[in-house]
Amino acid sequence: MKERLEGPTHHGYSRPVFVGNFAMLQEFLLEKESFFWSGLRLFEFLLRGFSQVVCANNPISGLLIVISLACTAPVTLLFTSITGTLGLLLSVLLRDSQDLIANGLTTFNPVLLGAVSCTLIPTIYGPYDTFSILCLLLATIFCAYVTRSLENNKLPYIAWPFNLSELMLILLLYTQDNGFDTTEKPQPLMRMHNATSDATTADVSIIGGNATGVHVNWGMMFRAVIMSASQLMAIENAVTGSVIYLAILLFSPVTAGFALFGAIIGSLAGLMLGVELASIYSGFWGYNAFLTGGVLGGNFFVLTGQTVVATIMAVVYTVIVQYCIHFFFKNLKLPVLGLPFTIVVSLFVNLRKPDDKSFPKPASPSYPEKNRADYKASRLLRRISDRDDNDDDFKDRKQKTVVNV
């Protein structure tokens with residue numbers, strides 16, 4: 001009976017092969033050894049890195065994001081391709097875990113670094129020049145080393161390398177252009193500069209007047225939920241945001257649902273906190289909560305009643321942490337980046353344990369639906385094993401009783 005149960009935990013899904021984490025493609029490429037297939041395998045790793053930025057692990061999801069960036073923000077695509085490729089090559093040279101490389105986990109932080117730097121460098125420093133590009137490349141190298149150092153940590157891969165590298169880069173470039181004076185009024189930090197983008201984000205680097213009593217455009221609030229997804233790539237574009245939701249849905253409907261929930265809660269919480277409406281409409285208050293919901297909802301946790309509640313609470317706390325960090329960072333002219341998401345997830349993820357019934361950890365992380373199915377199958381196997389052991393003990397005791405008689 002055990003043999004019949006063990007099989008479906010890996011192959012018992014009637015889903016199309018290209019959804020979820022598309023493991024069949026990984027297995028196919030690993031069997032090829034020629035130079036051409038090696039290059040294609042590296043490209044697949046890079047695509048998975050793009051998809052990991054939006055809480056997915058699927059090369060088709062990554063390809064959809066790349067195509068959307070090519071159409072709406074080609075400069076951002078150029079920067080992310082350069083930093084992502086450099087980060088991937090460095091992880092290979094540093095001999096990072098092959099499993100981490102293959103799943104894009106050593107690539108997504110450099111991709112994030114390129115996307116955000118593409119938007120922020122012209123705003124805080126000026127036009128791109130040799131110095132700023134050199135600093136970006138050095139930050140990417142630093143990001144790769146920090147990523148490698150976190151392999152020895154019990155925390156899963158999240159955006160600490162990106163946040164540390166990006167803050168270092170921002171401070172370096174800002175002081176080069178403005179000195180050490182931070183007394184001037186903060187300038188916009190999220191304005192889009194790609195010629196083909198429809199971004200019109202206002203100044204979202206400071207907390208504006210209280211939104212209480214101001215007319216709320218609910219159509220723009222719906223737009224804010226879409227923009228929360230596009231802000232993951234540091235742009236404000238409805239097409240990119242919609243494609244990102246599609247890319248996540250291709251990976252896992254559960255992840256897409258939790259990410260959507262996070263974007264909605266983040267945007268509504270911005271209203272309750274009385275922040276500037278323009279910053280809410282731009283998706284600025286939704287993207288960190290979007291990430292928290294997508295990462296914890298079935299990916300870092302196996303879905304149970306307890307983990308669903310924990311994910312909801314983590315989404316709420318992410319907005320609160322973002323508000324607090326934003327309050328302190330506004331006078332320093334620093335963006336919050338992904339710090340709220342990273343801090344909250346780092347705290348909540350320690351709730352999980354492999355054999356904990358309340359907050360179970362996925363035995364072999366995949367996509368939420370498979371994590372849940374594997375967890376249920378393993379529990380069933382354990383109950384059957386325990387029952388068999390009890391039956392054997394009972395038989396042994398019975399035989400001993402007969403012998404004694």
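Residues numbered from 1 in each chain as written. Predicted model: local features only at pLDDT ≥ 70, side-chain atom pairs only at ≥ 80, totals over all residues. Heavy atoms only, no water.

## A short note on the overall build of the protein
We count it as follows: Per the convention used, a helix needs a DSSP run of H or I reaching at least four residues, while a strand needs a run of E reaching at least two, with both numbered from the N terminus. Each residue is assigned to one of three classes by its accessible area relative to the maximum for its type, calculated with a 1.4 Å probe on protein chains only: buried under 20%, partly exposed between the two thresholds, exposed over 50%. Residue contacts are defined here by distance: any two heavy atoms, one from each residue, within 4.5 Å place the two residues in contact. Computed by Shrake-Rupley with a 1.4 Å probe, the accessible areas treat only the displayed protein chains as cover when residues are assessed.
Scanning the protein from N- to C-terminus turns up 18 helices and zero strands. Taken across its 405 residues, the protein has 52% of its residues classed as buried. Long-range pairs, those at least 24 residues apart, make up 75% of the contacts in the protein between residues at least 6 apart in sequence. Working note: accessible area of the protein is about 18,900 Å², and carbon and sulfur atoms make up 65% of it.

## Some points on the UniProt feature "transmembrane region" (unreviewed entry) in the protein
Selection rule: UniProt positions are given in the numbering used here, feature names are shortened, and annotations may be inferred rather than shown by experiment.
As recorded in UniProt, the sites labelled "transmembrane region" (unreviewed entry) are residues 60-93, 105-125, 131-150, 157-175, 284-302, 309-328 and 334-351. Along residues 309-328, the helical share is 100% and the strand share 0%, with 29 Å between the first and last C-alpha atoms. Within residues 334-351, the helical portion is 56% and the strand portion 0%, while the C-alpha atoms at the span's ends are 31 Å from each other.

## Concerning unusual backbone geometry
Here the phi dihedral of C55 falls at roughly 70°; this positive angle occurs in a residue that is not glycine. Topologically, C55 is positioned in the loop between α4 (35-52) and α5 (59-72). Under the relative-accessibility criterion, C55 is labelled buried at 7%. In this structure, K333 is a non-glycine residue whose phi angle is positive, near 60°. In this structure, K333 sits in the loop between α16 (305-329) and α17 (339-348). K333 gets classed as buried once you look at its relative accessible area, which sits at 9%.

## Thoughts on the packing of α16 against α17
Heads up, the rule is: Fitted lines through C-alpha atoms give the axes, limited to the stretch in contact for helices. The angle between two N-to-C directions lies from 0 to 180 degrees. Here the word oblique covers every angle except those under 35 degrees (roughly parallel), over 145 (roughly antiparallel) and from 65 to 115 (roughly perpendicular). In this scheme the handedness of a crossing depends on how the near helix is turned from the far one: anticlockwise by less than a right angle means left-handed, clockwise means right-handed.
The contact between α16 and α17 brings their axes to 8 Å, and the two run at 135°. Viewed along their axes, α16 and α17 adopt a mutual orientation that is oblique. At the point where α16 passes α17, the crossing takes the right-handed sense. Here A310, M313, A314, Y317, T318, V321, Q322, I325 and F329 of α16 come into contact with α17, specifically with L339, P340, F341, I343, V344 and F348.

## Some details on a nonpolar patch on the surface
Applied cut-off: Patch rule: a residue counts if its relative accessible area is over 30% and it has no salt bridge; like charges are joined within 9 Å, and nonpolar side chains (Val, Leu, Ile, Met, Phe, Trp, Tyr) within 5 Å. A pair is scored as a salt bridge if a Lys or Arg side-chain nitrogen falls within 4 Å of a carboxyl oxygen belonging to Asp or Glu.
A cluster of nonpolar side chains, contributed by V75, L78, I82, Y128, I133 and L137, occupies part of the molecular surface with about 450 Å² of accessible area. Of all the elements in the fold, those that place two or more residues in the nonpolar patch are α6 (74-93) and α9 (130-149). Sorting elements by how many residues they give to the nonpolar patch places α6 first, with three residues. If you trace the backbone, V75 turns up in helix α6.

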